[in-house]
Structures are given as C-alpha cells and as structure tokens.
Amino acid sequence: NAGVTQTPKFQVLKTGQSMTLQCAQDMNHEYMSWYRQDPGMGLRLIHYSVGAGITDQGEVPNGYNVSRSTTEDFPLRLLSAAPSQTSVYFCASSVGLTGGARELFFGEGSRLTVL
Amino acid sequence: AQTVTQSQPEMSVQEAETVTLSCTYDTSESDYYLFWYKQPPSRQMILVIRQEAYKQQNATENRFSVNFQKAAKSFSLKISDSQLGDAAMYFCAYKGATSGSRLTFGEGTQLTVNP
C-alpha cells in the first residue's frame, strides 16, 4: 500500500543549487501533479501531467521543470533554487483524466528550505 | 479563473461539540465538484468529503456533512461530535468539470479541538 511516495521529506539548499524532488505512485494513475503549500495561500498547482510524455503548467510554474517518462514517476526539478521556493511540496495523483469527483491522492510532502 | 476563499484562518471547538468551517468560491461554470481535505500535523492530505454540484442533496460522511448552497456559491463543512483527532488544517477545494483533475484550493482553516 505505498500509494504516492515522495523523496526526500526534508531538504536544505543554498541559493543557486539545483535539486530534484522525486515522486512515484503505484496505483497506475494517469494524472500526476505537483503543488506547493505556503502559509495563508493554500496549495497552488505548479505542473501537472495527464500521461507519460505529456506535461503542462499550472498556476505557479516559474523556476520548476518536470518530465514524465513513465506512468509511475513525475520528478520536479529546481534548476537554480531561490529563497522564494522555500515551501512544502506535495505530489498528487488521480485515476482518470475527465474530471468527476475523483479523489486526489497525496504524498506526505517534502519540506524544502532555500538559504 | 476560479477562486476559493476560506475566511476563517483559525477555529476552535470543544470536544464533543459541533463546528462549521466556511468556504466560498467563485466560478462561471455550471458543472463542478467541491471537496474538503484534512491535513493533520503529519502533513498527509486526506479527503474528508466531496460534493457534485449537480446534486441538490448535501453530502454526508459519518460525523462530517456539508451545507452546499449553489446559488450563494457556498460550501461549508460541519463537524459533529468533534474529537481530538479532528484537529488539523482543513482545505476547501474546487474542480471544474472541464478542468481534468486540477484542483483549486482555499487558504485553509486551522481547527483546534479543546479537551
């Protein structure tokens, strides 16, 4: 019962460093997404994917890259970290692409601090 | 663009009492879905309840129920017989019928349950 797995759970970076947040799901979900959570702002969508090889931008995509080479994995890359990217990041996945009241399944989150 | 507003950053309730969390949203769509997610201190996002806009009947899940007022664009969550384990951040979320699986979240309401 792994569900959505994110690594690492905590990370401290220096400004300008790069890193990748990993996300994997074992539920064969077509849809995967990345959100960031900041105090007083809820969760905001960064990027999402509706299947292998297909990605699109969300509400706050600047400074982040994604790719989806397999159904299971959806890594989020920070190419040059900035203090404004200090946040908690959540990966989420869902079965199906055509909406409905389907549930989003979330990972446990990754807390990133950029100094 | 759709927006979701939770006007109560913090709420508190006595154990065994009832509390209502407010949520309003703005949309021009006629078909959509609404959700309440719970985020306990562990950070894991958990779906509490969901509502299809085309259904007039309010959704209920055990001690959790919603008051869905489509004309007023209001979607409040009522927690009855509050328990210590209900203490968490609660997020209201919106998904349009044409938005695939993309959710728009409110700012969140931190609920404290007092023994």
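For the structure, check the block above.
Residues numbered from 1 in each chain as written. Chains lettered and ligands numbered in written order. Predicted model: local features only at pLDDT ≥ 70, side-chain atom pairs only at ≥ 80, totals over all residues. Heavy atoms only, no water.

**Student:** Mind showing me how you'd approach the environment of Val4(A) here?
**Tutor:** Residue and element names in this part refer to chain A. The residue Val4 is located in strand β1 (residues 4–7) in this model. Of the residues examined, Val4 reaches a relative accessible area of 9% and is grouped as buried. Along the chain, Val4 and Ala82 lie 78 residues apart, while their C-alpha atoms are 26 Å from each other. Beyond its immediate sequence surroundings of up to four residues, Val4 is in contact with Cys23, Ala24, Gln25, Met27, Cys91, Ser93, Phe105, Phe106 and Gly107. (Helix = DSSP H or I, 4+ residues; strand = E, 2+ residues; numbered from the N terminus. Buried < 20%, exposed > 50% of the residue type's maximum accessible area, 1.4 Å probe, protein only. Contact = heavy atoms within 4.5 Å.)

**Student:** What am I meant to see in the environment of His29(A) here?
**Tutor:** Residue and element names in this part refer to chain A. Counting through the fold element by element, His29 comes out in the loop between β3 (19–25) and β4 (31–38). In this structure the C-alpha to C-alpha distance between His29 and Ser93, which are 64 residues apart in sequence, comes to 6.2 Å. With residues near it in sequence (within four places) discarded, His29 still touches Arg68, Thr71, Ser93, Ser94, Val95 and Phe105. At 3.4 Å, the side chain of His29 forms a polar contact with the backbone nitrogen of Ser94. (Polar contact = N/O pair within 3.5 Å; in protein donor to acceptor, adjacent residues only side chain to side chain.)

**Student:** Just checking my understanding: could you explain the pairing of strand β5 (residues 42–51) of chain A for this structure?
**Tutor:** Strand residues, when the strand is regular, have side chains that alternate between the two faces of the sheet. All names here are of chain A. Burial within β5 is extensive, with nine of its 10 residues counted as buried. Sheet topology places β4 next to β5; seven bridges connect them, and they run antiparallel. Counted as the bridge partner of Ser33 is Tyr48 from β5. Connecting β4 to the next strand, β5, in antiparallel fashion are three residues, including Gly40 with a positive phi near 75°. (Pairing = 2+ DSSP bridges.)

**Student:** Sorry, what's going on with the sheet that holds β1(A) here?
**Tutor:** The strands making up a sheet associate through hydrogen bonds between their backbones, and the pairing can be parallel or antiparallel. All names here are of chain A. Taken in spatial order, the four strands of this open sheet run β1-β3-β8-β7, and their pairing is antiparallel. Looking at the sheet topology across the chains shown, the edges are occupied by β1 and β7 (64–66). The average angle at which neighbouring strand axes cross in this sheet is 20°, direction not considered. In this sheet, strand β8 (residues 76–78) lies alongside β7 in antiparallel orientation, the contact comprising three bridges. Opposite Asn65, over in β8, you have Arg77 as the bridge partner. (Axes fitted to C-alpha atoms, helices over the stretch in contact; angles between N-to-C directions.)

**Student:** What is the right way to look at the nonpolar core in this model?
**Tutor:** Soluble globular proteins: nonpolar side chains tend toward being buried together. Of all hydrophobic cores here, the largest spans 25 residues; its most connected members are Tyr25(B), Trp36(B), Phe75(B), Leu77(B) and Tyr90(B). Residue assignment for this core shows that the elements contributing at least two residues are β3 (19–21), β5 (32–39), β6 (46–52), β8 (64–69), β9 (74–79), β10 (88–96) and β12 (109–114) of chain B. Top element by residues in this core is β10(B). It accounts for four residues. Beyond its immediate sequence surroundings of up to four residues, Phe75(B) is in contact with Cys23(B), Tyr25(B), Leu34(B), Phe35(B), Trp36(B), Gln51(B), Val66(B), Asn67(B), Phe68(B) and Cys92(B). Of all hydrophobic cores here, the second largest spans 20 residues; its members include Tyr31(A), Leu45(A), Phe91(B) and Phe105(B). (Core = buried A, V, L, I, M, F, W, Y, C linked by side-chain atoms within 4.5 Å.)

**Student:** Is there a simple way to explain the packing of aromatic side chains in this structure?
**Tutor:** Two descriptors summarise a pair of aromatic rings, namely the distance from one centre to the other and the angle between the planes of the rings. Counted under the stated rule, the structure contains 15 aromatic pairs over all chains. Counting every residue linked through ring pairs, the aromatic cluster contains Tyr35(A), Phe90(A), Phe106(A), Phe35(B), Tyr37(B), Phe91(B) and Phe105(B). In this arrangement the basic side chain of Arg43(B) is found over the ring face of Phe10(A), its NZ or CZ atom lying 5.3 Å from the centre. (Phe/Tyr/Trp six-rings, centres within 6.5 Å; stacked < 30°, edge-to-face > 60°. Lys NZ or Arg CZ within 6 Å of the ring centre and 35° of its normal.)

**Student:** Would you mind showing me how to read the pairing of strand β6 (residues 54–57) of chain A here?
**Tutor:** Pairing geometry for β5(A) and β6(A), over four bridges, is antiparallel. If you follow Tyr48(A) over to β6(A), its bridge partner there is Asp56(A).

The analysis is restricted to geometry; functional conclusions fall outside its scope.
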